[in-house]
Amino acid sequence: MEDCLNLSQRQTPTSAAVTVPSGLLSTFFPVLLEILEEILLHLPPDQVVCVCRLVCHQWKEVADSESLWRERCRREGYLLRDASKTPRDWRLFYFLCKKRRNLLKNPRGEQELHGWQIVKNGGDEWAVHGLRVPHPDETVQKNFVTSFSMCTKSQFIDLEKEGYNPSFMDHFQPDIRISDWYSPRTDCGSRYQISIELLNQSRKPVQIFAPENVNFEQWSEEKWNQMTHVFQNYGPGVRYIRFTHGGKDTQFWKGWYGIRVTESCVEICPAKDT
């Protein structure tokens, strides 16, 4: 360690100075850049951005290069959905693919109703219970339950705050994938409803997905059903997403005999699924 610290203080003997011909540098420098790029491709991406690009100008040039992040996308299977829509920033495209996540908070009720805005709270109001029947994903252990009058709740997603800047959304228009799981009780009829709105800067709808209500008769099979939708080619201007769902029982029974919902999801999907 002491030798490393002292190295910067040593004087370079003038008699031993070495001059490398500029022609030789220009011949080998591209090869060196290729080697450096290959090294960076094998390092964690966060380290490339936060550490490696600070080493020197040459390292920064490679760490910021389009070729590095385009190749990283290729190796990790982040393929373009539409070849005509080439990312303006391959590094941003890579990290948005890498960090793909559910933008809804508390989708399973593990934190009671935290993160949700209650729109309608009819009957005996919203509640969080354990599952009556197993969910396809065994890690899901709780659900939101509705009562004998309409119960709806929503979340408002600010895309820029979540890391999806307006330029990226307008130019690339990544798929926006919606998923929601719902289940009736066998002993009581129930109704399920959902509405997802893509909103512009003025919070006016650009596109809306609002399918017909799903009604279950009494003695319907008690199992989990999935509602899915993918927004595509929705045009420029999308800045926010509003997710609203809920329901009720249809027999006006006191308690929580209405529809049950859990594992709701909103994802931005820049790359093609493989």
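(A) Up close: the overall build of the chain. Assigned secondary structure in the chain consists of 7 helices and 13 strands. A burial count over the chain gives 41% of its 274 residues as buried. For the chain, the proportion of contacts with a sequence separation of at least 24, taken over those separated by at least 6, is 78%. Surface accessibility of the chain: about 15300 Å² in total, with carbon and sulfur atoms responsible for 52%.

(B) Examining unusual backbone geometry more closely. Positive phi outside glycine occurs at Trp219, with the angle close to 75°. For Trp219, the location among the structural elements is in the loop between strand E9 (214-216) and strand E10 (225-231). Positive phi, close to 50°, is recorded for Glu263, a residue that is not glycine. Its location among the elements puts Glu263 in strand E12 (residues 260-269).

(C) Structural context of the packing of helix H5 (residues 66-75) against helix H6 (residues 90-98). The contact between H5 and H6 brings their axes to 8 Å, and the two run at 30°. It follows from the interaxial angle that H5 and H6 lie roughly parallel. Between H5 and H6 the crossing geometry is left-handed. Only Trp90, Arg91, Phe93, Tyr94 and Phe95 of H6 make contact with H5, whose side of the interface consists of Glu66, Trp69, Arg70, Arg72 and Cys73. Of the residues in the contact of H5 with H6, the class split is 6 nonpolar, no polar and 4 charged.

(D) Representation of the packing of aromatic side chains within the structure. This model, assessed by the stated rule, comprises 15 aromatic pairs. Ring geometry for Trp90 against Phe93: centres 5.7 Å apart, planes inclined by 80°, an arrangement best described as edge-to-face. Of this pair, Trp90 and Phe93 are both found in helix H6, 3 residues apart, which corresponds to roughly one turn of the helix. Look at Phe93 and you get buried, because its relative accessible area is 0%.

(E) How the structure looks around the sheet that holds E12. What the 5 strands build is an open sheet, ordered E3-E4-E12-E6-E10; its pairing is antiparallel. Both edges of this open sheet fall to strand E3 (127-130) and E10, since each of them pairs with a single strand only. Averaged over neighbouring strand pairs, the angle between their axes works out to 35° when direction is ignored. For strand E4 (residues 142-145) and E12, the ladder comprises 2 bridges, and the chain directions are antiparallel. By the bridge assignment for E12, Val145 is matched with Arg260.

Criteria and cut-off values
- Residues numbered from 1 in each chain as written.
- Predicted model: local features only at pLDDT ≥ 70, side-chain atom pairs only at ≥ 80, totals over all residues.
- Heavy atoms only, no water.
- Helix = DSSP H or I, 4+ residues; strand = E, 2+ residues; numbered from the N terminus.
- Buried < 20%, exposed > 50% of the residue type's maximum accessible area, 1.4 Å probe, protein only.
- Contact = heavy atoms within 4.5 Å.
- Areas by Shrake-Rupley, 256 points an atom, 1.4 Å probe, with all protein chains shown as cover.
- Axes fitted to C-alpha atoms, helices over the stretch in contact; angles between N-to-C directions.
- Parallel < 35°, antiparallel > 145°, perpendicular 65-115°, else oblique.
- Left-handed = near helix turned anticlockwise from the far one by under 90°.
- Nonpolar A, V, L, I, M, F, W, Y, C, P; charged D, E, K, R; others polar.
- Phe/Tyr/Trp six-rings, centres within 6.5 Å; stacked < 30°, edge-to-face > 60°.
- Pairing = 2+ DSSP bridges.

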